[in-house]
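Examining the three-dimensional arrangement
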Amino acid sequence: MGGIRMGGSGAKKAKLMAAAIGSRAPLASLDRRGAIPHALAQFRRSVPAFYHGQRLSTIDRISERSRSATLRVVCPNVIHHFFYSRLLAMNVYTRITTEALRRIERAGGFDEYVMSLPEELCGNEHAKMYRRMIKAAFVRERDSLRKLDLELSSKYGEDYKR
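Residues numbered from 1 in each chain as written. Predicted model: local features only at pLDDT ≥ 70, side-chain atom pairs only at ≥ 80, totals over all residues. Heavy atoms only, no water.

1. Focus: the packing of aromatic side chains
Counted according to the given criterion, the structure contains four aromatic pairs. A ring pair is formed by Phe82 and Tyr93, whose centres lie 4.7 Å apart and whose planes are at 55°; its orientation type is tilted. Within this pair, whereas Phe82 is found in strand 4 (residues 78-85), its partner Tyr93 is found in strand 5 (residues 90-97), the two being separated by 11 residues in sequence. The exposure class of Tyr93 is buried, given its relative accessible area of 9%. Between the aromatic rings of Phe83 and Phe110, the centroid separation amounts to 5.1 Å while the plane-to-plane angle is 5°, which identifies the pairing as stacked. Of this pair, Phe83 sits in strand 4 while Phe110 sits in helix 3 (residues 110-116), and the two are 27 residues apart along the sequence. A residue is classified by how much of its surface remains accessible, and Phe83, at 10% relative accessible area, is buried. Phe110 sits in the buried class, given a relative accessible area of 4%. Chaining the aromatic ring pairs together yields one cluster made of Phe50, Phe83, Phe110 and Tyr113. (Phe/Tyr/Trp six-rings, centres within 6.5 Å; stacked < 30°, edge-to-face > 60°. Helix = DSSP H or I, 4+ residues; strand = E, 2+ residues; numbered from the N terminus. Buried < 20%, exposed > 50% of the residue type's maximum accessible area, 1.4 Å probe, protein only.)

Quick look at the structure:
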């Protein structure tokens, strides 16, 4: 514990430990890349996850000397990132793998990726909820564009081409 005396009452010990921990550094540093913001830390499970089908996988790690195999778990490369949804007109904070990030760039944006994503590749129920919301917003916008298109074509006749 580095200089902290552990005698005395329990409350005194807790205060001493809190002071020692607080003097060293903050427990949650926001300058870490991909870290979850402190305000959202208590809602960690409710952050939508888009992993694009990637899961925990296992490999055999073989030692150099004895050639014995040890089972090792490999986690996907997950980052936390804000995306702007044009259809919902809001920022969406997500957990996302780098593979899904590449797919978003190929699709042309977050909304396009989420609409083209099969439901099995969504990471959790919150991601599926955002997928349903974005699809519903797309249908509403598409219908309003169709109405506008009909109005303009009836107003301008055959001269109007989209």
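The rest of the description comes next.
2. Some details on the sheet that holds strand 5
Strand order in this open sheet of three strands is 1-5-4, and the pairing throughout is mixed. Single-partner strands in this sheet number two, and they are strand 1 (49-50) and strand 4. Where helix 2 (residues 98-107) meets the sheet, it contacts strand 1, strand 4 and strand 5, and its direction lies at approximately 130° from that of strand 5. (Pairing = 2+ DSSP bridges. Contact = heavy atoms within 4.5 Å. Axes fitted to C-alpha atoms, helices over the stretch in contact; angles between N-to-C directions.)

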